[in-house]
Amino acid sequence: MTTLTPHTWEQPLLMLAREAVQSMTAISAPACDRSELGRAYAHCEALTARHSRSFFLASTFLSADKRRALRALYAFCRVTDDLVDCAGGDAVGELSRWRQQTLTVNPPQTDRVAVAWADARLRYRIPVRYAEQLIDGVARDLVQRRYRTFDDLAAYSYGVASTVGLMSMHIIGFSGPAAVPYAIKLGVALQLTNILRDVAEDWQAGRVYLPADELAAFELREADLAAGRVDDRWRAFMRFQIERNRRLYAEAWPGIALLHKDGRFAVAAAAGLYRAILDDIEAHDYDTFSRRAHVGGARKLSTLPGLWWRNR
């Protein structure tokens with residue numbers, strides 16, 4: 001297996017992951033009416049299908065039990081994210097209530113996402129600290145709207161994305177601690193793709209995730225983002241970002257072999273479909289201001305056979 005390339009931002013993130021695993025306690029899944037639990041999982045499946053076609057497609061390659069658990073995880077993450085992005089006047093209070101509701105062993109039966117997530121989390125022994133780290137990461141959007149360096153951005157990406165991969169590993173199954181650095185790296189890669197795709201949307205929300213020191217290195221200012229200016233400076237900046245992003249995907253790829261064999265293709269598909277967004281950004285002259293980069297259905301289907309072969 002290829003040796004991981006070390007980066008300055010990785011060590012503190014590995015420490016966070018280690019802290020989460022060490023905090024685990026043995027708790028049995030709560031008793032729940034089977035029909036109600038089935039409705040809870042069906043609700044999470046519908047929510048996943050509505051909000052993320054790529055994730056929904058990738059998760060279809062898992063066994064039924066793992067598939068529904070992974071979609072419960074997605075629903076938990078989706079609601080958490082929406083409480084910040086779509087919140088009214090008391091986002092802090094809403095997020096605090098959601099934390100109490102979803103990290104307990106016995107959530108209120110009226111909240112189907114919380115019910116399905118609690119069952120999945122306890123059934124697959126997902127460290128609760130990962131879920132706490134995710135909520136804390138999402139909450140940063142309420143107080144932090146700029147990032148000075150890539151190291152700062154990587155720490156944010158761990159909270160909102162790497163934790164999702166680490167929790168997913170417990171559902172899919174993995175060989176041991178050696179898989180953790182790869183999951184962290186893949187989470188950072190996926191989040192960076194999100195950031196490059198959503199520059200205009202984030203600007204409208206008052207947020208700039210692009211590292212300030214790297215923007216300055218390419219002589220770009222926030223006024224250029226506000227104007228949606230695609231010029232040689234922006235193209236050079238985006239080429240630099242995409243090159244690093246692809247390198248992260250490449251460095252994370254060997255970790256797929258450390259997952260349980262029935263989940264490898266699902267992760268490979270998710271990574272490959274997301275990575276293809278970078279191709280779409282390039283194909284449209286790095287313009288992420290006037291359009292949102294995406295991968296169409298036909299392209300997704302044509303990409304899967306190659307991903308299957310690589311994964312094999």
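For clarity, every value in this text was computed on a predicted model and none was experimentally measured.

1. Some points on the overall build of the protein
Counting secondary structure elements, the protein contains 15 helices and zero strands. By the compact-globule yardstick of 20 Å for 312 residues, the protein fits well, its C-alpha radius of gyration being 19 Å. A principal-axis box enclosing the C-alpha atoms of the protein has dimensions of 60 × 50 × 40 Å. Counting every position in the protein, which comprises 312 residues, the buried fraction comes to 51%. If you take every contact in the protein between residues at least 6 apart in sequence, the share linking residues at least 24 apart comes to 74%. Within the structure as shown, the protein displays about 14300 Å² of accessible surface, and the carbon and sulfur contribution to it stands at 53%. Side-chain charges of the protein comprise 41 positive and 36 negative groups, with the mean position of each set lying 6 Å from the other.

2. Notes on helix α9 (residues 180–197)
Taking 1.5 Å per residue, 18 residues should reach 26 Å; α9 reaches 26 Å between its end C-alpha atoms and fits that length. Counted residue by residue, α9 has 17 buried out of 18 residues, so it is predominantly covered.

3. Digging into the packing of aromatic side chains
Per the counting criterion, the structure on display carries twelve aromatic pairs. Pairing F76 with W98 gives two aromatic rings, centres 6.2 Å apart and planes at 20°, and the pair type is stacked. Of this pair, F76 sits in helix α4 (residues 64–85) while W98 is found in helix α5 (residues 91–102), placing the two residues 22 residues apart along the sequence. On the basis of relative accessibility, which here comes to 6%, the residue W98 falls in the buried class. Between F218 and F237, the ring centres sit 5.7 Å apart and the planes meet at 80°, which makes this aromatic pair edge-to-face. With F218 in the loop between α11 (212–217) and α12 (222–227) and F237 in helix α13 (residues 232–252), this pair connects stretches of sequence that are 19 residues apart. Taking the relative accessible area as the measure of exposure, F218 reaches 23% and is therefore partly exposed. Taken together through their ring pairs, the aromatic side chains of F218, W234, F237, F240 and F289 make up a single cluster. The ring of F56 carries R71 above its face, with NZ or CZ at 3.8 Å from the centroid.

4. A look at the environment of I135
Structurally, I135 is set in helix α7 (residues 128–139). Once the C-alpha coordinates of I135 and C77 are considered, the two residues, 58 residues apart in sequence, prove to be 8.4 Å apart. I135 has contacts with F76, T80, L95, R99, T102 and L103, leaving out every residue within four places of it along the chain.

5. Some remarks on the side chain of D287
Mapped onto the elements of the fold, D287 is located in the loop between α14 (264–283) and α15 (297–311). This buried residue, D287, is left without a salt bridge; R291 holds the nearest opposite charge, at 6.8 Å. Reaching out from D287, the side chain makes a polar contact with the backbone nitrogen of F289 at a distance of 2.9 Å. Ignoring any residue separated from it by four or fewer positions in sequence, one finds D287 in contact with V230 and I281.

6. Some details on the packing of α4 against α5
Two quantities define a packed helix pair, namely the angle between the helix axes and the distance between the axes. Their axes nearest at 9 Å, the elements α4 and α5 cross at an angle of 160°. Here α4 is positioned roughly antiparallel relative to α5, judged by the angle of their axes. Both α4 and α5 take part in a crossing whose hand is right-handed. Counting all contacts with α4, which are made through F76, V79, T80, L83 and V84, the residues of α5 involved are A91, E94, L95, W98 and T102. Taken together, the residues of the contact of α4 with α5 sort by class into seven nonpolar, two polar and one charged.

7. Points about the pattern of salt bridges
Opposite charge on two side chains allows them to pair when their charged atoms are near. Counting across every chain of the model gives 27 salt bridges. Each of E19, R99, R129, E132 and D136 takes part in a single network of salt bridges with overlapping partners.

8. Regarding the nonpolar core
Among the nonpolar cores identified, the biggest contains 92 residues, and L73, F76, L166, L210, W234 and I281 are the most heavily contacted of them. With 13 residues, the top contributor of residues to this core is helix α8 (residues 150–172). Apart from residues no more than four positions distant in its own chain, L73 is found in contact with W117, V164, M167, S168 and I171.

Rules of the game
- Note that residues are indexed from 1 along each chain, following the sequence as it is written.
- Reporting of local features is limited, given that this is a predicted model, to residues whose pLDDT is at least 70; pairs of side-chain atoms are given and counted only at 80 or more, and all residues count toward the totals for whole chains, interfaces and linings.
- Only hydrogens and water are removed before side-chain values are computed, so all heavy atoms of the structure are retained for them.
- By definition, any uninterrupted DSSP run of H or I lasting at least four residues is a helix, any uninterrupted run of E lasting at least two residues is a strand, and each is numbered from the N terminus.
- Note that the radius of gyration is over C-alpha atoms, with the globule rule given as 2.2 Å times the number of residues to the power 0.38.
- A simple rule labels every residue: compare its accessible area, found with a 1.4 Å probe on the protein chains alone, to the largest value its type can have, and call it buried under 20%, exposed over 50%, or partly exposed in between.
- Contacts are residue-level and defined by heavy atoms, with any inter-residue pair within 4.5 Å sufficient.
- In this description, accessible areas are obtained by the Shrake-Rupley approach with a 1.4 Å probe, and a residue is regarded as covered only by the protein chains that are shown.
- His is not counted, nor are the chain ends, whereas Lys and Arg count as positive and Asp and Glu as negative.
- Lys charges are placed at NZ, Arg charges at CZ, Asp charges at CG and Glu charges at CD.
- For a helix, the expected span equals 1.5 Å multiplied by the residue count minus one.
- Note on ring pairs: Phe, Tyr and Trp rings are taken, using the six-membered ring of Trp, and paired if centres are within 6.5 Å. Classes follow the plane angle, with under 30 degrees stacked, over 60 edge-to-face and the rest tilted.
- We call a charge positioned above a ring when the Lys NZ or Arg CZ atom is no farther than 6 Å from the ring centre and deviates by at most 35 degrees from the ring normal.
- For salt bridges, the criterion is a side-chain nitrogen of Lys or Arg within 4 Å of an Asp or Glu carboxyl oxygen.
- The definition of a polar contact used here is a pair of N or O atoms within 3.5 Å, where within protein one atom must be able to donate a hydrogen and the other to accept one, and adjacent residues in sequence count solely through side-chain atom pairs.
- In this analysis, axes come from line fits to C-alpha atoms, helices being fitted only over the stretch in contact, and the angle between any two N-to-C directions falls in the range 0 to 180 degrees.
- Here the angle decides the label: under 35 degrees means roughly parallel, over 145 means roughly antiparallel, 65 to 115 means roughly perpendicular, and every other value means oblique.
- Crossings are sorted by hand: turned counterclockwise from the far helix by less than a right angle, the near helix makes the crossing left-handed, and turned clockwise it makes it right-handed.
- Residue polarity is assigned by list, with Asp, Glu, Lys and Arg as charged and Ala, Val, Leu, Ile, Met, Phe, Trp, Tyr, Cys and Pro as nonpolar; anything else, Gly included, falls into the polar class.
- In this description, a nonpolar core means a group of buried Ala, Val, Leu, Ile, Met, Phe, Trp, Tyr and Cys residues linked to one another through side-chain atoms lying within 4.5 Å.

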